[in-house]
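Architecture at a glance
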Amino acid sequence: KMCDDMVVMLKQEQLDDEHKKEYCAAQLDVAADTKKGLERSISDTEASIESAKEGVATLTSEIAALEVGIKACDKSVADATEQRQAENSEYKQLLASDTAAKELLGFAQNRLNKFY
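Rules behind the numbers
Residues numbered from 1 in each chain as written. Predicted model: local features only at pLDDT ≥ 70, side-chain atom pairs only at ≥ 80, totals over all residues. Heavy atoms only, no water. Helix = DSSP H or I, 4+ residues; strand = E, 2+ residues; numbered from the N terminus. Rg over C-alpha atoms; globule rule 2.2 N^0.38 Å. Buried < 20%, exposed > 50% of the residue type's maximum accessible area, 1.4 Å probe, protein only. Areas by Shrake-Rupley, 256 points an atom, 1.4 Å probe, with all protein chains shown as cover. Lys, Arg positive; Asp, Glu negative; His and termini not counted. Charge placed at Lys NZ, Arg CZ, Asp CG, Glu CD. Salt bridge = Lys/Arg side-chain N within 4 Å of Asp/Glu carboxyl O. Patch = residues over 30% accessible without salt bridge, like charges linked within 9 Å, V, L, I, M, F, W, Y side chains within 5 Å.

**A look at the overall build of the protein chain**
A count of helices and strands for the protein chain gives 1 helix and 0 strands. Over its C-alpha atoms the protein chain spans a radius of gyration of 49 Å, topping by over 25% the 13 Å that the globule rule assigns to 116 residues. With the C-alpha coordinates aligned to their principal axes, the bounding extent of the protein chain is approximately 165 × 20 × 15 Å. Residues classed as buried in the protein chain amount to 0% of the 116 residues present. Carbon and sulfur atoms make up 61% of the accessible area of the protein chain, which amounts to about 10,800 Å² in all. Computed over 15 positive and 23 negative side-chain charges, the separation of the two mean positions in the protein chain equals 12 Å.

Structure (structure tokens):
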């Protein structure tokens, strides 16, 4: 009778071991699938990071080019402002000399009117 009990107990343990083996195999499959998903996610994230780095590099070079353009535009504006100031000064001098000439002509006309 003890041998029969022992055989029954060993069969039960064998069944328990088989169930545990099936459970472990299922868990290993789930873990492998999760690992593959995470590796794919990491790969996608790394690709996104590389793309973002390329975008940053592109934008940095575009910003540098725009800064050069802005400096050139600022220089052009400064040159144009300087030219307009010079032209304005020249205009004011011309206007002053025209006014002086008109006054001189008026003075001469008055003298001629008095003389004749």
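**What about the pattern of salt bridges?**
As a working rule, side chains carrying opposite charge can pair if their charged atoms are close by. By the definition in use, this model includes 1 salt bridge. With a closest N to O distance of 3.2 Å, K75 and D79 form a salt bridge. A residue pair is termed a helical-turn pair when its members lie 3 or 4 positions apart in one helix, as K75 and D79 do in helix α1 (residues 2–115) at 4 residues.

**Quick notes on a nonpolar patch on the surface**
The grouping of M6, M9 and L10 at the surface amounts to a nonpolar patch, some 290 Å² of accessible area in total. One can find M9 in helix α1.

**Quick word on a negative patch on the surface**
On the surface, E13, D16, D17, E18 and E22 cluster together into a patch of negative charge. Relative to the helices and strands, D17 resides in helix α1.

**Re the environment of Q14**
Mapped onto the fold, Q14 is located in helix α1. Each C-alpha atom, one on Q14 and one on V68, is 80 Å from the other, the two residues being 54 residues apart in sequence.

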